[in-house]
Number of protein chains: 4
Amino acid sequence: MAKSRFEYVREFERENHLLQETYIVIRIDGKGFHKFSQIYEFDKPNDITAIEVLNSAALEIFKQIPDVVFAYGQSDEYSFLLKKNCKLYERREMKLITLFSSLITSAYMYHWNLTHPTNPISIEKKLPVFDARAVIYPNFDVVKDYFRWRQADCHINNLYNTTFWALVLKGEGMTTKDAETYLNGTFSKDKNEILFSKFGINYNNEPEIYKKGTIIIRELNETIMKKDIQHQQPGEEGEVSNRQLQRLEKIVKKAEIKTYHQDLITDEEFWSSRPWLSM
Amino acid sequence: MAKSRFEYVREFERENHLLQETYIVIRIDGKGFHKFSQIYEFDKPNDITAIEVLNSAALEIFKQIPDVVFAYGQSDEYSFLLKKNCKLYERREMKLITLFSSLITSAYMYHWNLTHPTNPISIEKKLPVFDARAVIYPNFDVVKDYFRWRQADCHINNLYNTTFWALVLKGEGMTTKDAETYLNGTFSKDKNEILFSKFGINYNNEPEIYKKGTIIIRELNETIMKKDIQHQQPGEEGEVSNRQLQRLEKIVKKAEIKTYHQDLITDEEFWSSRPWLSM
Amino acid sequence: MAKSRFEYVREFERENHLLQETYIVIRIDGKGFHKFSQIYEFDKPNDITAIEVLNSAALEIFKQIPDVVFAYGQSDEYSFLLKKNCKLYERREMKLITLFSSLITSAYMYHWNLTHPTNPISIEKKLPVFDARAVIYPNFDVVKDYFRWRQADCHINNLYNTTFWALVLKGEGMTTKDAETYLNGTFSKDKNEILFSKFGINYNNEPEIYKKGTIIIRELNETIMKKDIQHQQPGEEGEVSNRQLQRLEKIVKKAEIKTYHQDLITDEEFWSSRPWLSM
Amino acid sequence: MAKSRFEYVREFERENHLLQETYIVIRIDGKGFHKFSQIYEFDKPNDITAIEVLNSAALEIFKQIPDVVFAYGQSDEYSFLLKKNCKLYERREMKLITLFSSLITSAYMYHWNLTHPTNPISIEKKLPVFDARAVIYPNFDVVKDYFRWRQADCHINNLYNTTFWALVLKGEGMTTKDAETYLNGTFSKDKNEILFSKFGINYNNEPEIYKKGTIIIRELNETIMKKDIQHQQPGEEGEVSNRQLQRLEKIVKKAEIKTYHQDLITDEEFWSSRPWLSM
């Protein structure tokens, strides 16, 4: 058969193996979700059911991919942290990011249809589509700053959207264009003030899930952790032993997956109390 | 707001802009589809409805992404050719491949559920997931060999599968393991002979869609083509003029999308009669 | 011995194999040569001996690396074209560019010291250093435009430098700063006019080596070429046969290496008469 | 002028900016130095003058590139460590490695000619050529293991070479082929035994420069260090402040460059006493 004659074309294929001993973050991002939210008539400024659909899809990724230890989601995006010694698909970048974009898509569609029986995904309306990218970070300080960056972004956008949609929907009679003009150039304190004086809304009392986004963690039981992790310090040679790592992996597999909506930016203890995230 | 303090993390992001004036082929590939086909009870050796679901999903890619001019699919894979001067997402590799893997997934799920009302996709059973990769080829001869390679692969696999499942399902009473052992080391002619002598099957008469896979082309009307393309030869400076390219793009947009099941390997005229594929 | 314990560090090494069947151009470029030319007291605007040193170093690259078929040099830079099917060091980018930067450096130093016995390279003054980069081009039209780009650059710079140094050195008594200000915003025709009216210099009569730079070609004898290359057209399958390529390689090895100073920009026949450059 | 018409070719150029906050190691390696050592008649097993030429060339790199803080050399290779926050040439890989390969070449040639007035580099004999590669390491433990790997390699090769050349040169009358065969399959202890029993050589008494290779360090004065570095611990946010870094950079610039021949493999204190190497 002619097979061998054409096999040479494989030599044009390229792989990018992501640098070892670095933290891989994969961020998925909805494509055209502004329009998607209009077509499927999301509540404004936040649609709790749509948020829960994306959160459920993110949980499915935790279930299927044990190397994911932490994730943060807001709006139409989610960032997944893979543990430092992740060997999944030999750390091939293309393989990793396309599987994440594909799996988030099928899980999203599944949960959407489950929770929206009268408004299911229709190809005539619009299909949900997510892109994905991988970024590697050489140390955990930068990883923390990455997630702080996303949560800062959540805060800025949610404060804006909450004020914007109050102006449009809550009796001010502004068009979306009016509201945009009105908010142009305002600072955080101005928006807080508008919300409070015009609508009696104290932004601080808004639901945490909207203000902080959603955090998912493969969470270790503290007792187990104390017993098994406490000596997981680098050995003489600065390396965690293979035996220690294998035991750690078993523990992580049995770990509960938990969801939070809280501060990542200033709460250093949030991070320091979970040493396994950086191991 | 703390935003700017964390923005530096963006400097760790990387882009790979695929080399200009090369042909981009994006191949999507089902993950764990052997198991998927068992769980959702595909007909063996070929499940025509499942094939049509993937073909419909591939057509959705043609509808949404005008730069795709040609595609070839077989088994659980599809390869899409983007035109040489494609500028989509500035040819960013990660963006391109994740959108393809995501879109094929949502379109697959949509068409699956549409055609399998009593056997819809269930998260408890298995979600469909596709990886994707991009490969660039510097000239059209290699592009043709790429698609020949995939079709040669289709032939080899389909002949094997047709013989294998005949042995298992058509009264020989072989287990799958028996059949595997039986076929070990056989050549094409042996399998043809087994099919004919044991089952009265002339492999040549098997449906073309199984033997050749599926070809999708953005097809130009010949009359239009003759008028508009005939002088699309490189100009003095070896370049197609911008005006010519813009005209070509309009034509391609109006082009019909057609599906074929035929030979790509020896039929040189198949390619030479469609000069717009390499432009 | 502890060897194996540390071998794992090799897994952090990366290679970039340059895409096959593309043209590799490697451009070397002097680092800090403006200062180098002051320290070693180059004639201005052009120092013929220094140009010849770089040309001799480029010729040494032709002698040592048979895959180099064409080169173009001007000022303190040189661009080398490797033939399309070059397999040198498996087309590893890092290996290729560092060998070019190293070899041009040692050959430059050797020829400099040979031609400047009273002004040899001194580490206290300054060592010659060259960086290098590789760029791949998917077709020969872009390759030609690449070399036209460098020659256009040569023209612009040489016209400027010729006028600038005439103003400074030829009795106008301008400082270098005055001359810079004087030429600011002028067009080519203005500089031509300044040269002619003030200094009686017709720029067209300046030496070709300064106006056009230096071209080096692995040149085939026409008779041999006609006999051996005339049928080197792509075969049925669009491929040059292996046998043909091997014969071509033998011819190229026996080829003379010739040097020219002529137009690359408008003279299409220059390129079309040398089909082996693009093979 | 035609310039702009060709400028588009620049879009084919690529850069690889090496990941920030990682350690860059650049290793240069002599090309064909086995032959080079024969042509220029090196003493065997080690030629002290040739070693000193390479060491002097490496020192020139320290003088010209302040970001180099540590280096290790043996045989015809040298590895240079750049500090973690190095921004040289925006960490562009091609720029960095070609400048290292070029500078080591010119410095080598300069020092060779200086120390070998009767046996200078000749283009007819052979020019010295060095390739170079960059590798990035995400943490200092791997960096230390990298240098341990090179020193382990030095040990293995030097023990072999010392034994090999003793067999050939010291009255055993072996040909090089005989010696190769004789040593095939021997372990370290066997070679030590051969040296001792046949030639009265105690390998441990061989010169350190041969057994350990050469280490070059930008060395901080301890008093200065204690005063200025002691609080260079990560701040609250896990970051060294900019002010601290600037002060550190000033200190490093004033540092002495020192050369050693000692153990890197088991002597952990060697590393721990020089915290600035990992900053």
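Residues numbered from 1 in each chain as written. Chains lettered and ligands numbered in written order. Predicted model: local features only at pLDDT ≥ 70, side-chain atom pairs only at ≥ 80, totals over all residues. Heavy atoms only, no water.

**Points about the overall build of chain A**
Part 1 of the argument: Within chain A, the secondary structure is distributed over 11 helices and 6 strands.
Part 2 of the argument: Expressed as a percentage of its 279 residues, the buried residues of chain A come to 54%.
Part 3 of the argument: Sequence separation of 24 or more characterises 75% of the internal contacts of chain A that already satisfy a separation of 6 or more. (Helix = DSSP H or I, 4+ residues; strand = E, 2+ residues; numbered from the N terminus. Buried < 20%, exposed > 50% of the residue type's maximum accessible area, 1.4 Å probe, protein only. Contact = heavy atoms within 4.5 Å.)

**Considerations on the packing of aromatic side chains**
Part 1 of the argument: In this structure the tally under the stated criterion is 104 aromatic pairs over all chains.
Part 2 of the argument: Between the aromatic rings of Y146(A) and W149(A), the centroid separation amounts to 5.7 Å while the plane-to-plane angle is 65 degrees, which identifies the pairing as edge-to-face. Separated by 3 residues within a single helix, Y146(A) and W149(A) lie in helix 5 (residues 140-169), roughly one turn from each other. Comparing Y146(A) with W149(A) shows no difference in burial state: the two are buried.
Part 3 of the argument: For the ring pair Y137(C) and F12(D), a centre distance of 5.4 Å and an interplane angle of 55 degrees mean the geometry is tilted. (Phe/Tyr/Trp six-rings, centres within 6.5 Å; stacked < 30°, edge-to-face > 60°.)

**Digging into helix 7 (residues 188-199) of chain D**
Residues and elements named next belong to chain D.
Part 1 of the argument: The end-to-end C-alpha distance of helix 7 is 16 Å, a good match for the 16 Å that 12 residues give at a rise of 1.5 Å each.
Part 2 of the argument: Buried residues of helix 7: K191, I194, L195 and F199, and no others. Seen from one end, helix 7 has its buried residues packed into an arc of 95 degrees, which puts them on one side. Within helix 7, the exposed residues directed more than 90 degrees away from the buried face are K189 and F196.
Part 3 of the argument: Residues of helix 7 that are buried in the fold lie against helix 5 (140-169) and helix 6 (176-183).
Part 4 of the argument: Just beyond helix 7, the residue with positive phi is G200, at close to 65 degrees. (Expected span 1.5 Å × (residues − 1). Arc of directions from axis to C-beta.)

**Comments concerning the sheet that holds strand 6 (residues 256-260) of chain C**
Residues and elements named next belong to chain C.
Part 1 of the argument: In spatial order, the strands read 4-1-3-2-5-6; together these 6 strands make up an open sheet with antiparallel pairing. Whereas interior strands pair on both sides, the edge strands pair on one side only; in this sheet they are strand 4 (130-137) and strand 6. Direction aside, the axes of adjacent strands within the sheet are offset by 15 degrees on average.
Part 2 of the argument: Relative to strand 4, strand 1 (residues 23-30) runs antiparallel, the two being bridged by 8 bridges. Within strand 4, the residue paired with D29 across the bridge is D131.
Part 3 of the argument: Contacting strand 1, strand 2 (68-74), strand 3 (77-82) and strand 4, helix 5 (residues 140-169) runs over the sheet at an angle of about 25 degrees to strand 2. (Pairing = 2+ DSSP bridges. Axes fitted to C-alpha atoms, helices over the stretch in contact; angles between N-to-C directions.)

**Examining the interface of chain D and chain C**
Part 1 of the argument: The partner chain C presents 60 residues to the 61 residues of chain D that form the contact.
Part 2 of the argument: Carbon and sulfur atoms supply 67% of the area buried between chain D and chain C, which totals about 5100 Å² over both sides.
Part 3 of the argument: For the chain D face of the interface with chain C, the top three residues by lost area are F6(D), Y110(D) and W149(D), together amounting to 13%.
Part 4 of the argument: Between the two partners, chain D and chain C, sit 8 salt bridges.
Part 5 of the argument: E15(D) is the partner of R133(C) in a salt bridge, and the nearest nitrogen-oxygen pair spans 3.2 Å.
Part 6 of the argument: Where chain D packs against chain C, one counts 23 residue pairs in polar contact (both at pLDDT 80 or more).
Part 7 of the argument: For the side of chain D that touches chain C, the elements supplying multiple residues, two or more each, are helix 1 (3-6), helix 3 (48-64), helix 4 (93-115), strand 4 (130-137) and helix 5 of chain D.
Part 8 of the argument: In terms of residue count, the dominant contributor to the side of chain D that touches chain C is helix 4 of chain D (16 residues).
Part 9 of the argument: Split into classes, the residues belonging to the side of chain D that touches chain C amount to 31 nonpolar, 10 polar and 20 charged. (Buried area = accessible area lost by both parts, 1.4 Å probe. Salt bridge = Lys/Arg side-chain N within 4 Å of Asp/Glu carboxyl O. Polar contact = N/O pair within 3.5 Å; in protein donor to acceptor, adjacent residues only side chain to side chain. Nonpolar A, V, L, I, M, F, W, Y, C, P; charged D, E, K, R; others polar.)

**So, the domain arrangement of chain A**
Residues and elements named next belong to chain A.
Part 1 of the argument: By domain assignment, chain A separates into domain 1 (14-152 + 208-278) and domain 2 (153-207).
Part 2 of the argument: Domain 1 puts 15 residues into the contact, and the matching count from domain 2 is 15 residues.
Part 3 of the argument: Summed over both partners, the interface of domain 1 with domain 2 comes to about 1100 Å²; 54% of that surface belongs to carbon and sulfur atoms.
Part 4 of the argument: At the surface where domain 1 touches domain 2, the tally comes to 1 salt bridge.
Part 5 of the argument: Linking domain 1 with domain 2 are 18 residue pairs in polar contact (both at pLDDT 80 or more).
Part 6 of the argument: Among the elements that line the side of domain 1 that touches domain 2, the one with the most residues is helix 8 (residues 208-212), at 5 residues.
Part 7 of the argument: Split by residue class, the side of domain 1 that touches domain 2 holds 6 nonpolar, 4 polar and 5 charged. (Domains from an automatic or database assignment.)

**Re the sheet that holds strand 4 (residues 130-137) of chain A**
All names here are of chain A.
Part 1 of the argument: Ordered by their spatial adjacency, 6 strands build an open sheet running 4-1-3-2-5-6, and the pairing between neighbours is antiparallel. With one partner strand each, in any of the chains shown, strand 4 and strand 6 (256-260) form the two edges of the open sheet. Pairwise comparison of adjacent strand axes, ignoring direction, gives a mean angle of 15 degrees for this sheet.
Part 2 of the argument: Here helix 4 (residues 93-115) sits on the sheet and contacts strand 1 (23-30), strand 2 (68-74), strand 3 (77-82) and strand 4; the angle it forms with strand 4, its principal contact strand, is near 140 degrees.

**Regarding the pattern of salt bridges**
Part 1 of the argument: Tallied over the full model, the rule gives 64 salt bridges over all chains.
Part 2 of the argument: As a salt-bridge pair, R92(B) and E90(B) come within 3.5 Å of each other at their nearest N and O atoms.
Part 3 of the argument: Residue class for R92(B) comes out buried when judged on its relative accessible area of 15%.
Part 4 of the argument: For R148(D), the salt bridge is made with D145(D), and the minimal N-O distance between the two is 2.9 Å. A residue pair is termed a helical-turn pair when its members lie 3 or 4 positions apart in one helix, as R148(D) and D145(D) do in helix 5 at 3 residues.
Part 5 of the argument: For R148(D), a relative accessible area of 1% translates into the label buried.
Part 6 of the argument: Connected through salt bridges with shared partners, the residues E13(A), E15(A), E90(A), R92(A), R27(B) and R133(B) form a single ionic network.

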